[in-house]
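# Structural description and commentary
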Amino acid sequence: MKKILIAFLSLSLILLSSCSTVEKSDASIISISGTSTVYMSPDMASFTVSAEAVKDTTDEARSVVDGIITEAVKVLEQKYGVSAEDIRTNYLSLSPEYTYVDNQRVLTGQRGYQSIDVTLGDIDIIGAIVEDLSKINGISISSITLDKEDKTEEISQARSLAVRNALEKAATYAEALGRELGAVVSISDESTPSYYASPLRLEAASFAPSADGANYKTTFYSYDLSVSDSISMVVEMK
């Protein structure tokens, strides 16, 4: 009986010791998250050029939109030196065009649509390009966006700042508890870097000369880009 009692007491002490260790371990770490945003200046731009026409036949519709896009490509390549690799066909479609007369669908012609995506390595020529392309009747220019070709440095900086942000939060909590920070137990990368770039806002392109003879130029408003990152971290407290 005495041996059983001693064994029971020993087991109880082990369990209590184990519970105490778990509680101490849980109370000696801080789980925290860190975020950061780094801003950068753009050095490239992209936009979409498109053309649409409705004609009596499919071939006529195709020919019209192809002519508009071909003229636009000629301006981009010959006047502004845009390489063929930076001009890509985005979408091409040919389809019947219908309307409804007395609840009956009636064929009215054939619709053609074509668009190309253009990438520029010089953002200073956007205004001039828009002016020249706007002289092509039937053309559409949209989705003008600025970007930066190489974001390696900014991505690395964003990650470092996210870690620093997490450590600063952890230090604040530890100080409030009257403790000091110990070693970093783990870091988890919660997401891939995310990029933010608002669409470029353009003034109306190539106004006709005013009464005073002035010809208003196309202007655009640049903006900073940003890259953001986030991490989660576990830190010991001493």
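## Quick word on the sheet that holds strand E5 (residues 139–147)
If you trace the 4 strands from one edge of the open sheet to the other, you get E3-E4-E2-E5, paired in antiparallel fashion. Among the strands making up the open sheet, the edge pair consists of strand E3 (87–101) and E5. Taken over all neighbouring pairs, the strand axes of this sheet differ in orientation by 20 degrees on average, direction set aside. Of the strand pairs in this sheet, strand E2 (residues 44–55) and E5 are connected by 7 bridges, and their pairing is antiparallel.

## Description of the confidence of the model for the protein chain
Reading fine detail from the predicted coordinates is not recommended where pLDDT is low. The share of residues in the protein chain with pLDDT of 70 or more is 77%, and the mean pLDDT across the chain is 82. Mean pLDDT per element in the protein chain: helix H1 (residues 2–27) is the minimum at 40, and helix H2 (residues 58–79) is the maximum at 97. Confidence over residues 2–25 falls short of pLDDT 50; this stretch has 0 contacts with residues more than four positions distant or in other chains. Low confidence marks residues 198–213, where pLDDT is under 50. Its contacts with residues over four positions away, or in another chain, come to 36 contacts.

## Description of the side chain of Asp229
Along the chain, Asp229 turns up in strand E10 (residues 225–237). With a relative accessible area of 4%, Asp229 lands in the buried category. Among the polar contacts made by the side chain of Asp229, one reaches the side chain of Arg159 at a distance of 3.5 Å.

Thresholds applied
Residues numbered from 1 in each chain as written. Predicted model: local features only at pLDDT ≥ 70, side-chain atom pairs only at ≥ 80, totals over all residues. Heavy atoms only, no water. Pairing = 2+ DSSP bridges. Helix = DSSP H or I, 4+ residues; strand = E, 2+ residues; numbered from the N terminus. Axes fitted to C-alpha atoms, helices over the stretch in contact; angles between N-to-C directions. pLDDT = per-residue confidence, 0-100. Contact = heavy atoms within 4.5 Å. Buried < 20%, exposed > 50% of the residue type's maximum accessible area, 1.4 Å probe, protein only. Polar contact = N/O pair within 3.5 Å; in protein donor to acceptor, adjacent residues only side chain to side chain.

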